[in-house]
Structure formats: structure tokens, C-alpha cells
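Inside the fold
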Amino acid sequence: MKKSIITVVGKDCVGIIAKICTYLADNDVNILDISQTIVDGYFNMMMIADTNGSKKEFLTLSSELEELGEKIGCIVKLQREDIFNRMQRI
């Protein structure tokens, strides 16, 4: 299993988690771990997910999550775990 990292950042509002999780469930993406916090009205969530069960290609999932983020006023990024780890070292 190759893990992926999903990050969601934006102004807090009702339904952010529900909309992201609904999208993931509808596309057979399994959430392995999730952490979220709200600091001074700003929402921040990080998920570790398994995208291997999805029928959609990784780039399609990534693009659609970014579009969903725009609709809900958040920045949503999907990255492969190895890329995420490398970026954190820089």
C-alpha cells in the first residue's frame, strides 16, 4: 500500500470535513488517519489516505480535490507520501 497525504487549510466553516470525506468515500479512498485543528478561526486538517482502491488516477483525484477546495474556500492538496516526506526535509 502506498500512502498519500491530504492537507486542507482555510477559513473555518460548517461542512469542510463532511465534504472532503464524502468525496473520498465516493471515490473509494480509505482514510487511515486524520488530524484537524482550528486556530483563531482557521481550519487545518491532515489526512493519511490509501488511494489504491480508487478507480480514478492519482492526478485526477488531486485535481478534483483542488477544485472541491476552491468551492469550499480551502486549499486542498493531495501528495504521495514519499514526495511529502522529501518536501519536509527541504
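Before reading on, note that the structure itself is shown above.
A brief report on the enclosed structure follows.

The rules behind each value
- Residues numbered from 1 in each chain as written.
- Predicted model: local features only at pLDDT ≥ 70, side-chain atom pairs only at ≥ 80, totals over all residues.
- Heavy atoms only, no water.
- Helix = DSSP H or I, 4+ residues; strand = E, 2+ residues; numbered from the N terminus.
- Expected span 1.5 Å × (residues − 1).
- Contact = heavy atoms within 4.5 Å.
- Buried < 20%, exposed > 50% of the residue type's maximum accessible area, 1.4 Å probe, protein only.
- Arc of directions from axis to C-beta.
- Salt bridge = Lys/Arg side-chain N within 4 Å of Asp/Glu carboxyl O.
- Pairing = 2+ DSSP bridges.
- Axes fitted to C-alpha atoms, helices over the stretch in contact; angles between N-to-C directions.

Under the 1.5 Å per step criterion, the end-to-end length of helix α2 (residues 58-72) is 21 Å for 15 residues, consistent within 8% with the ideal 21 Å. Those residues of α2 that are buried are in contact with β1 (3-11), α1 (16-26) and β4 (74-80). After α2 finishes, the residue G73 shows a positive phi value of roughly 80°.

Turning to α1, a few remarks are in order. I16, I20, Y23 and L24 are the residues of α1 that are buried. Along α1, the residues classed as buried sweep out an arc of 100° about the axis, all on the same side. Turned more than 90 degrees away from the buried face of α1, the exposed residues are A25 and D26. D28 sits one or two residues past α1 and shows a positive phi near 55°.

Let us look at the pattern of salt bridges. Scanning the model with the defined rule gives three salt bridges in all. The shortest N-O distance in the salt bridge between E66 and K77 comes to 3.6 Å. With a gap of eleven residues between them, E66 in helix α2 and K77 in strand β4 connect regions that are remote in the sequence. Assessed through its relative accessible area of 32%, E66 is described here as partly exposed.

Another aspect to go through is the sheet that holds β1. Spatially, four strands are ordered β2-β3-β1-β4 in an open sheet, and the strand pairing comes out antiparallel. Edge positions in the sheet fall to β2 (30-39) and β4, since each of these pairs with one other strand and no more. For this sheet, the mean angle separating the axes of adjacent strands, direction not counted, is 10°. Sheet topology note: the β1/strand β3 (residues 42-50) ladder contains nine bridges and is antiparallel. Considered in β3, the bridge of S4 is made with A49.

On to the pairing of β3. Relative to β3, β2 is paired through nine bridges, and the arrangement is antiparallel. Bridge pairing links I34 to M47 in β3. Counted between consecutive antiparallel strands, the loop separating β2 from β3 contains two residues, among which D40 sits at a positive phi close to 50°.

Turning our attention to unusual backbone geometry. Phi is positive for D28, which is not a glycine, with a value near 55°. On the secondary structure map, D28 appears in the loop between α1 and β2. The phi dihedral of D40 is positive, around 50°, even though this residue is not glycine. Looking at where D40 falls in the secondary structure, it is placed in the loop between β2 and β3. Its relative accessible area of 71% is what places D40 among the exposed residues.

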